[in-house]
Amino acid sequence: RRLVAQRCLYGVDKNRFAVNLAKLSLWLVTLAKDHAFTFLDHALKHGDSLIGLTKDQIGAFHWSPRELNSGPLFAGVAHTVNEVSAWRRQIQTLEEGDYDRRRTAWMAAEDVVNDVRLIADLCVAAYFGAQKDKDREALRVEYRQLVDAWRTGGDRGARIEVEGIVSQLRDGERPVTPLHWAIEFPEVFGREIPGFDGIVGNPPFLGGKRISTVFGESFRDWLGIRRGDVRGAADLCAYFFLLAMELCGATSRCTAFGLIATNSIGQGDTREVGLAQLLGRGLSIYSATPSFSWPGNAAVTVSVVHV
């Protein structure tokens, strides 16, 4: 169980307490009392699953690049991901009891990825820093100049300014904590056929018309990028089905995922944005419980869908 936990399991949650609770649960269920509590720090991450950039997007410094940038920033991202992958592979291959070397490898990986994570967060900050696409693009260009001044010009002040912008993104009135899957788990997305072999989850439910009220218009617009040309006020959980498809590389490998959803997942706009797109790309629902009452205190009717 400990080996499976260390080498096979990954998790993400935007609630830091939930991440720590997951670490504690796995520490207990794997009977790892003789192990450091931090033995899963490399695998369980704090961040918003839905907000993040791919490696190509980071290299282009754009959330929706028309073409990939083969310049120095793109090359730097690729080099960093390769270096991080090497450190993280060490974590996977070390003996179970070799805590010190595993911890050293994890800290080295974090040191290497930190700058690229900062650049990726800055790009996201440009998107969330304005309400209109024209203004977002202006911010993106301005922030890219900051990156160039810092990375190629050695401007320490530019680096400090970048840190301030990212801090405001993460700690503002409506905080955003991006999670860039490709650089956080490069050993998963650097495989010959990239992606996870399976995903399970209980994503949050929130009616589509309430998303902008709760999380802001920029968050709603960001989800619009993910859903493509499909329109409609889908429940938030539908976007986790699209995410799971992407993270599994489900169009190019034999994978499966199972998620709990509100029972609207098979109805109206939520179906069109979520399950209909999955089925349209060749995936199939092989098992589902369409509707049952949540067994706990919450007064909600849910579905369980296996794809």
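Definitions and cut-offs
Residues numbered from 1 in each chain as written. Predicted model: local features only at pLDDT ≥ 70, side-chain atom pairs only at ≥ 80, totals over all residues. Heavy atoms only, no water. Phe/Tyr/Trp six-rings, centres within 6.5 Å; stacked < 30°, edge-to-face > 60°. Helix = DSSP H or I, 4+ residues; strand = E, 2+ residues; numbered from the N terminus. Buried < 20%, exposed > 50% of the residue type's maximum accessible area, 1.4 Å probe, protein only. Lys NZ or Arg CZ within 6 Å of the ring centre and 35° of its normal. Contact = heavy atoms within 4.5 Å. Disulfide = S-S within 2.5 Å.

Moving on, we get to the packing of aromatic side chains. Counted under the stated rule, the structure contains twelve aromatic pairs. Seen in terms of ring centroids, Phe185 and Phe196 are 6.3 Å apart; in terms of plane orientation they differ by 70°. Their pairing is edge-to-face. Of this pair, Phe185 sits in the loop between α8 (181–184) and α9 (186–189) while Phe196 is found in the loop between α9 and β3 (198–201), placing the two residues eleven residues apart along the sequence. The pair Phe185 / Phe196 is uniform in exposure class, with both members buried. Judged by centre distance (4.9 Å) and plane angle (40°), the rings of Phe215 and Phe219 are tilted. An aromatic cluster is present here, built from Tyr10, Trp181, Phe185, Phe189 and Phe196 joined pairwise through their rings. Here the guanidinium or amino end of Arg136 rests over the ring plane of Tyr127, the centre of that ring lying 4.0 Å away.

The next subject is helix α11 (residues 217–227). For α11, the complete set of buried residues consists of Ser218, Phe219, Trp222, Leu223, Gly224, Arg226 and Arg227. Looking at the buried positions of α11, the neighbouring elements they touch are α5 (99–128), α6 (133–151), α10 (211–215), α12 (237–248), α13 (268–273) and α14 (275–280). Looking one or two places after α11, you find Gly228, whose phi comes out positive at around 75°.

Take the state of the cysteines next. Scanning the entire structure with this criterion turns up zero disulfides. Free cysteine Cys8: the closest other cysteine sulfur is in Cys248, separated by 15 Å. The cysteine Cys237 is free of any disulfide, with Cys248 supplying the nearest cysteine sulfur at 17 Å. With a relative accessible area of 0%, Cys237 lands in the buried category.

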